[in-house]
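Here's the letter readout for the chains.
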Amino acid sequence: MDVAQNPLDSDTVKKIVEAALLASDRPLSVEELTGLFREPSGDLAGQQSPMEGESSLAPGDRPNRQMIKAALAALEQDCE
């Protein structure tokens, strides 16, 4: 599978969720974790300004609640 075609495979989602949980000073909800994958709100002028090398995600490329829950379950299993 080419990562450029599907940047958010289940392993990538799991790694991002794990990093967010480790970096947070409090528990994060599924909604908050899902929000990590939303489009940036843009700069002060109201224009999108992705960081260099960052690609915008199409709506279908963002993980849904089920993918986030699956990532959490996989992380839980890894910790057992």
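Thresholds applied
- Residues numbered from 1 in each chain as written.
- Predicted model: local features only at pLDDT ≥ 70, side-chain atom pairs only at ≥ 80, totals over all residues.
- Heavy atoms only, no water.
- Core = buried A, V, L, I, M, F, W, Y, C linked by side-chain atoms within 4.5 Å.
- Buried < 20%, exposed > 50% of the residue type's maximum accessible area, 1.4 Å probe, protein only.
- Helix = DSSP H or I, 4+ residues; strand = E, 2+ residues; numbered from the N terminus.
- Contact = heavy atoms within 4.5 Å.
- Axes fitted to C-alpha atoms, helices over the stretch in contact; angles between N-to-C directions.
- Parallel < 35°, antiparallel > 145°, perpendicular 65-115°, else oblique.
- Nonpolar A, V, L, I, M, F, W, Y, C, P; charged D, E, K, R; others polar.
- Expected span 1.5 Å × (residues − 1).
- Arc of directions from axis to C-beta.
- Polar contact = N/O pair within 3.5 Å; in protein donor to acceptor, adjacent residues only side chain to side chain.

A.B. asks: It is not clear to me how the nonpolar core should be interpreted in this structure. Could you clarify?
C.D. replies: Across soluble globular proteins, you tend to see nonpolar side chains buried next to one another. L8, V13, V17, A20, V30, L33, F37, I68, A71 and L75 together form the largest nonpolar core, which totals 10 residues. Those elements that place two or more of their residues in this core are α1 (10-23), α2 (30-35) and α3 (65-79). Not counting the four nearest positions on each side in its chain, V17 is found in contact with L33, I68, A71, L72 and L75.

A.B. asks: Would you take a moment to explain the packing of α1 against α3 for this structure?
C.D. replies: Helix-helix packing is described using two parameters, namely the angle between the two axes and the distance between the axes. Across the interface, α1 lies against α3 with an axial gap of 9 Å and an inter-helix angle of 70 degrees. In this view, α1 runs roughly perpendicular relative to α3, as classed from their interaxial angle. Every residue of α3 that contacts α1 at V13, K14, V17, E18 and L21 is listed here: M67, I68, A71, L72, A74, L75 and D78. Split by residue class, the contact of α1 with α3 holds nine nonpolar, no polar and three charged.

A.B. asks: Whenever I open this one, α3 confuses me. Can you help?
C.D. replies: At 3.6 residues per turn, the α-helix brings residues three or four places apart onto the same side. Counted at 1.5 Å a residue, the expected span for α3 with its 15 residues is 21 Å, and the 21 Å between its end C-alpha atoms agrees. Taken residue by residue, α3 has I68, A71 and L75 as its buried positions. Down the axis, α3 shows its buried residues gathered within 60 degrees of arc, on one side only. In α3, the exposed positions that point more than 90 degrees away from the buried face belong to Q66, E76 and Q77. The N-capping residue of α3, defined by a side-chain oxygen 3.1 Å from the backbone nitrogen of Q66, is N64.

Functional significance is not addressed by these values, which are geometric in nature.
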